[in-house]
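Notes for the structure review
Residues per chain are reported as follows:
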Amino acid sequence: MSFDLVLFGGTGDLAWRKLMPALFQAFRHGTLPSNGRIIGVGRDDLSSGQYRALIQSRFDKVELAKRPSAEEFARFAAILDYVRVDLSQPGDYANLAACLQSRNADTVVMYVATAPALFTTVCEQLAASGLNTPHTRVVLEKPLGHDLASNRAINRTVRQFFEEKQVFRIDHYLGKPAVQNLFALRFGNALFEPLWRREHIANIQITIAEDLGVESRGAFYETTGALRDMVQNHALQLLCAIGMEPPINAHADAIRDEKLKVLRSLKPWTQETLVQDVIRGQYASGTRDGDKVPGYREEPGVDPHSRTETFVALRTEIANWRWAGVPFYIRTGKRLAGRDARIVVNFRPTPHAIFNSNIDVANRLIINLQPKDGLELHLLAQGQENRQNRTSTATQSLAPVQLDLDFDKRFGCERVGAYERLLLDVIDGRLNLFVRSDEQEEAWRWVEPILTHWANDSQGPRPYASGTWGPSASSAMIARDGFCWSEES
Ligand code: BG6
């Protein structure tokens with residue numbers, strides 16, 4: 001099978017930070033189909049040779065394990081090309097058409113890694129140049145719009161020129177090995193399914209914490225914020241994966257139908273829950289690894305009076321028979337105490353205590369997404385025996401123990417990264433790990449009342465010191481239900 005992969009935004013950040021390293025890894029692992037070409041598209045006037053040199057120089061900034069040797073890069077470079085296109089100039093698309101028609105590959109992937117404002121123009125111009133053939137696939141990066149209306153407008157335009165099965169909306173969290181494991185855990189094992197419901201689960205916590213700030217993306221982040229950047233997509237996709245019903249099979253639409261049902265079942269917001277159950281924060285200065293770091297408002301490209309949130313914590317419920325009444329907490333933020341993405345499933349305590357234990361913990365399943373990829377099952381075991389009263393079981397004391405599965409160790413560190421996996425899936429035409437338009441619209445519909453509420457709320461985000469777990473209001477929110485965040489327990 002031959003393929004041409006066209007990277008719009010071929011000189012941009014995403015291309016050299018994530019996409020090229022992922023494609024190179026696939027090339028190195030021998031999983032990239034051999035008869036392929038990667039065509040960078042950008043506005044700069046570069047020859048293919050200059051483009052290859054640019055990409056090679058950028059690899060110096062990529063983590064060592066993912067950097068090619070000179071010999072490896074020479075082989076990889078043989079499949080790299082460049083075409084100059086000013087995306088706003090209809091005439092320029094002819095250059096691309098000529099390049100693609102020269103080979104007529106079996107599959108053409110158009111990866112639109114540009115500013116979202118250009119998505120519709122690119123799709124329109126591809127169609128106008130006859131490049132929306134049945135063997136074309138379009139990959140759209142997030143953010144797809146900034147609210148429901150803009151998201152729908154993009155989807156409408158895309159649908160005019162491409163069928164839904166040709167559109168791959170990427171959410172790289174779905175490509176993470178730990179998320180694949182979550183599906184395997186839930187639907188490849190019978191063990192947890194009977195427990196996976198309101199009768200046995202007290203609450204579920206989804207945390208995506210980053211220790212980095214906004215880095216060089218201040219200008220982008222100013223108009224985005226944590227809710228649009230992380231909650232509307234990554235966190236809600238994790239919530240779907242943890243809360244969905246078992247799909248009837250592993251086909252893309254069977255999985256996406258079930259995720260859509262979760263999004264549709266999320267409890268609608270009320271004025272009261274918008275005030276009580278959603279906390280926004282913004283990082284102030286603080287420390288990271290012992291070094292002083294600036295606050296968000298001091299970052300380049302950021303308004304010194306900015307009201308953009310860099311932290312969100314919220315409480316929601318999935319209103320259906322399986323989950324009614326079980327709180328789902330979502331929390332994400334930048335410049336938090338560590339890089340830590342995890343889902344914690346807190347089970348209910350035993351219905352009746354026969355041990356004289358002063359330990360107030362119930363079973364807990366932790367799905368670690370990063371930095372480590374694994375599962376922890378927290379159980380209680382017989383601890384030190386109380387020797388003064390050996391005859392009575394009532395004096396036995398319990399001690400917490402845990403089963404710890406480290407998937408990096410078990411399956412090796414050379415595991416397929418999220419972008420690598422997703423890019424190979426696009427080339428193969430597998431849609432399972434991509435988001436359908438109706439899912440995305442439903443997620444926007446659900447976050448929109450929060451955006452509107454914030455726009456009208458004079459309070460603004462609560463400051464939190466860099467290097468902490470966010471504003472204390474986030475702990476107070478969860479404490480109202482009698483729970484605490486997993487790192488506090
Ligand atoms: C991106 C966000 O989608 O995900 C970034 O735009 C964020 O702001 C990143 O840093 C986090 O991804 P990961 O894989 O590093 O957790």
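Treat the numbers as computed from the prediction; the structure is a model and nothing was measured. (Residues numbered from 1 in each chain as written. Predicted model: local features only at pLDDT ≥ 70, side-chain atom pairs only at ≥ 80, totals over all residues. Heavy atoms only, no water.)

Attention shifts here to the overall build of the protein chain. Regarding its fold elements, the protein chain presents 15 helices and 16 strands. At 24 Å, the protein chain has a C-alpha radius of gyration in line with the 23 Å of a compact globule built from 489 residues. Along the longest, intermediate and shortest principal axes, the C-alpha atoms of the protein chain span 85 × 50 × 45 Å. With 489 residues in all, the protein chain has 53% of them scored as buried. Partitioning the contacts of the protein chain with sequence separation of at least 6, the portion at a separation of at least 24 is 79%. Once the 57 positive and 59 negative side-chain charges of the protein chain are each reduced to a mean point, those two points are 2 Å apart. (Helix = DSSP H or I, 4+ residues; strand = E, 2+ residues; numbered from the N terminus. Rg over C-alpha atoms; globule rule 2.2 N^0.38 Å. Buried < 20%, exposed > 50% of the residue type's maximum accessible area, 1.4 Å probe, protein only. Contact = heavy atoms within 4.5 Å. Lys, Arg positive; Asp, Glu negative; His and termini not counted. Charge placed at Lys NZ, Arg CZ, Asp CG, Glu CD.)

On to the packing of helix H6 (residues 148-161) against helix H14 (residues 437-455). Contact geometry for H6 and H14: axes closest at 9 Å, N-to-C directions at 165°. By the angle between their directions, the pair H6 and H14 is classed as roughly antiparallel. As for the relative orientation of H6 and H14, their crossing is left-handed in sense. On H14, the residues touching Leu148, Ala149, Asn151, Arg152, Asn155 and Arg159 of H6 are Ser437, Gln440, Glu441, Trp444, Arg445 and Glu448. Its residues assigned to classes, the contact of H6 with H14 shows 3 nonpolar, 4 polar and 5 charged. (Axes fitted to C-alpha atoms, helices over the stretch in contact; angles between N-to-C directions. Parallel < 35°, antiparallel > 145°, perpendicular 65-115°, else oblique. Left-handed = near helix turned anticlockwise from the far one by under 90°. Nonpolar A, V, L, I, M, F, W, Y, C, P; charged D, E, K, R; others polar.)

Take the environment of Glu124 next. Tracing the sequence through the fold places Glu124 in helix H5 (residues 119-128). A C-alpha to C-alpha distance of 8.8 Å links Glu124 and Gln160, two positions 36 residues apart in sequence. Discounting residues that sit within four places of it in the chain, Glu124 has contacts with Thr157 and Phe161.

A few words on H5. Every buried residue of H5 is accounted for by Phe119, Val122, Cys123, Gln125, Leu126 and Ala127. Of the residues trailing H5, Gly130 is marked for its positive phi of about 70°.

In this section: H6. Taking 1.5 Å per residue as the helical rise, H6 with its 14 residues ought to reach 20 Å, and the 21 Å between its terminal C-alpha atoms agrees with that figure. Among all positions in H6, only Leu148, Ser150, Asn151, Ile154, Asn155, Thr157 and Val158 are buried. (Expected span 1.5 Å × (residues − 1).)

Time to look at the pairing of strand E12 (residues 340-347). Remark: a regular strand shows side chains that alternate across the two faces of the sheet. In terms of burial, E12 is largely enclosed, as 8 of its 8 residues are buried. By the alternation rule, side chains of E12 split into Asp340, Arg342, Val344 and Asn346 and Ala341, Ile343, Val345 and Phe347, which are all buried. In this structure, strand E7 (residues 201-209) lies alongside E12, joined through 8 bridges in antiparallel fashion. Residue pairing in the sheet places Asn203 in a bridge with Asn346 of E12. Where E12 lies against strand E13 (residues 364-370), 6 bridges are found, and the strand directions are antiparallel. In the sheet register, Ala341 faces E13, and the bridge partner there is Gln370. (Pairing = 2+ DSSP bridges.)

It is at 11 Å that the axes of helix H1 (residues 13-29) and helix H3 (residues 70-77) come closest, and there the two elements cross at 100°. The angle between H1 and H3 places the two elements in the roughly perpendicular class. Across from Met20, Leu23, Phe24, Phe27 and Arg28 in H1, the residues of H3 making contact are Glu72, Arg75 and Phe76. Residues that form the contact of H1 with H3 fall into these classes: 5 nonpolar, no polar and 3 charged.

Considering soluble globular proteins, one finds that nonpolar side chains tend to be buried as a cluster. Among the nonpolar cores identified, the biggest contains 112 residues, and Phe76, Tyr111 and Leu365 are the most heavily contacted of them. If you tally residues by element for this core, the top one is helix H9 (residues 225-243), at 11 residues. Apart from the residues lying within four places of it in its own chain, the contact partners of Leu365 are Leu185, Phe192, Trp196, Ile343, Val344, Val345, Phe347, Leu375, Glu376 and Leu377. One finds Leu87, Ala97, Val122 and Val158 within the second-largest nonpolar core, a separate group that totals 27 residues. (Core = buried A, V, L, I, M, F, W, Y, C linked by side-chain atoms within 4.5 Å.)

Now for the site of the ligand. Lining the immediate environment of the ligand, one finds Lys142, His172, Tyr173, Lys176, Glu210, Arg217, Asp229, Met230, His234, Lys334, Arg339 and Gln370. Arg217 is positioned such that a nitrogen or oxygen atom in its side chain is 2.9 Å from an oxygen atom of the ligand. Contact distances for the ligand include 2.7 Å between an oxygen atom and a side-chain N or O atom of His234. Relative to its unbound accessible area of 400 Å², the ligand is 83% covered by the protein chains. Looking at which element gives the most residues to the shell around the ligand, the answer is H9, with 3 residues. Here the shell around the ligand is composed, by residue class, of 2 nonpolar, 3 polar and 7 charged. (Near = heavy atom within 4 Å. Polar contact = N/O pair within 3.5 Å; in protein donor to acceptor, adjacent residues only side chain to side chain. Areas by Shrake-Rupley, 256 points an atom, 1.4 Å probe, with all protein chains shown as cover.)

Checked against the element boundaries, Asp277 lands in the loop between helix H11 (271-276) and strand E8 (278-288). Side chain to side chain, Asp277 and Arg480 meet in a polar contact 2.8 Å long. When neighbours within four sequence positions are excluded, Asp277 is seen to be in contact with Trp269, Ala313, Leu314, Arg315, Met477 and Arg480.

This brings us to unusual backbone geometry. Lys142 connects to Pro143 through a cis peptide bond whose omega is 0°. Counting through the fold element by element, Pro143 comes out in the loop between strand E5 (136-140) and H6. Backbone geometry at Glu215 places phi at a positive 55°, although glycine is not the residue there. Checked against the element boundaries, Glu215 lands in the loop between E7 and helix H8 (218-222). Of note in the backbone geometry, Arg335 takes a positive phi value of approximately 55° without being a glycine. On the secondary structure map, Arg335 appears in the loop between strand E11 (328-333) and E12.

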